[in-house]
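Here is how the chains run, residue by residue.
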Amino acid sequence: MGGGAELLGIGRVARGNTRYALFFHTVFQVNNTEAFAISRVSPLFCFASVSPPHAGLCETIQFAGGLVVRGDTLVVTYGTNDCEAKVAFVPMRRVQELLLPAQ
C-alpha cells in the first residue's frame, strides 16, 4: 500500500454452530518490516446477496479467496454458496477509512 512496507490480507470468521453458520470477513494490514505484525484491521463485514428475495442480507456461505490492489481499487474474488464465483471492487479510499488501529 505504501512503498512495499505494508501488505493487505483478508480473513474469514464463521459464527454459529455445527448445523448453521454465518460467514464474515475482515481486511487487515500487516507491517512488512516487523515480522508481519497486524497494524490495522477492519470491522467484520459480509458480501451482500445479489438475489432479489435476499436483498440486503449476507450471502449464506461465502469465502474470499483472492485479493489484489489495482490502481486505486481493491479487487476481491470470492465464492458464494459453494457454487458461484464473484468479484467485488472496493475503492482503496474506502478500505483506508475502514482500517482501524489493531489492539
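Report on the accompanying structure.

Definitions and limits used
- Residues numbered from 1 in each chain as written.
- Predicted model: local features only at pLDDT ≥ 70, side-chain atom pairs only at ≥ 80, totals over all residues.
- Heavy atoms only, no water.
- Helix = DSSP H or I, 4+ residues; strand = E, 2+ residues; numbered from the N terminus.
- Contact = heavy atoms within 4.5 Å.
- Areas by Shrake-Rupley, 256 points an atom, 1.4 Å probe, with all protein chains shown as cover.
- Lys, Arg positive; Asp, Glu negative; His and termini not counted.
- Charge placed at Lys NZ, Arg CZ, Asp CG, Glu CD.
- Pairing = 2+ DSSP bridges.
- Axes fitted to C-alpha atoms, helices over the stretch in contact; angles between N-to-C directions.

### Some remarks on the overall build of the protein
On a plain count of helices and strands, the protein comes out with 1 helix and 7 strands. Ordering the α and β elements of the protein from the N terminus gives β-β-β-β-β-β-α-β. Seen through its principal axes, the protein has C-alpha atoms that stretch 45 × 30 × 20 Å. Residue pairs in contact within the protein that sit at least 24 positions apart in sequence constitute 33% of those at least 6 positions apart. Of the roughly 6700 Å² that the protein leaves accessible, carbon and sulfur atoms contribute 58%. Looking at the protein, you have 8 positive and 7 negative side-chain charges, and the mean spots of the two groups are 5 Å apart.

### Quick look at the sheet that holds strand β5 (residues 73-80)
Strands sit in the order β4-β5-β6 across an open sheet of 3 strands; the sheet is antiparallel. With partners counted over all chains shown, the strands left at the sheet margins are β4 (62-70) and β6 (84-91), one partner each. Sheet twist, expressed as the mean angle between neighbouring strand axes with direction ignored, is 20°. Where β4 and β5 come together, 8 bridges link them in antiparallel fashion. When the sheet's bridge partners are listed, Gly66 is paired in β5 with Thr77.

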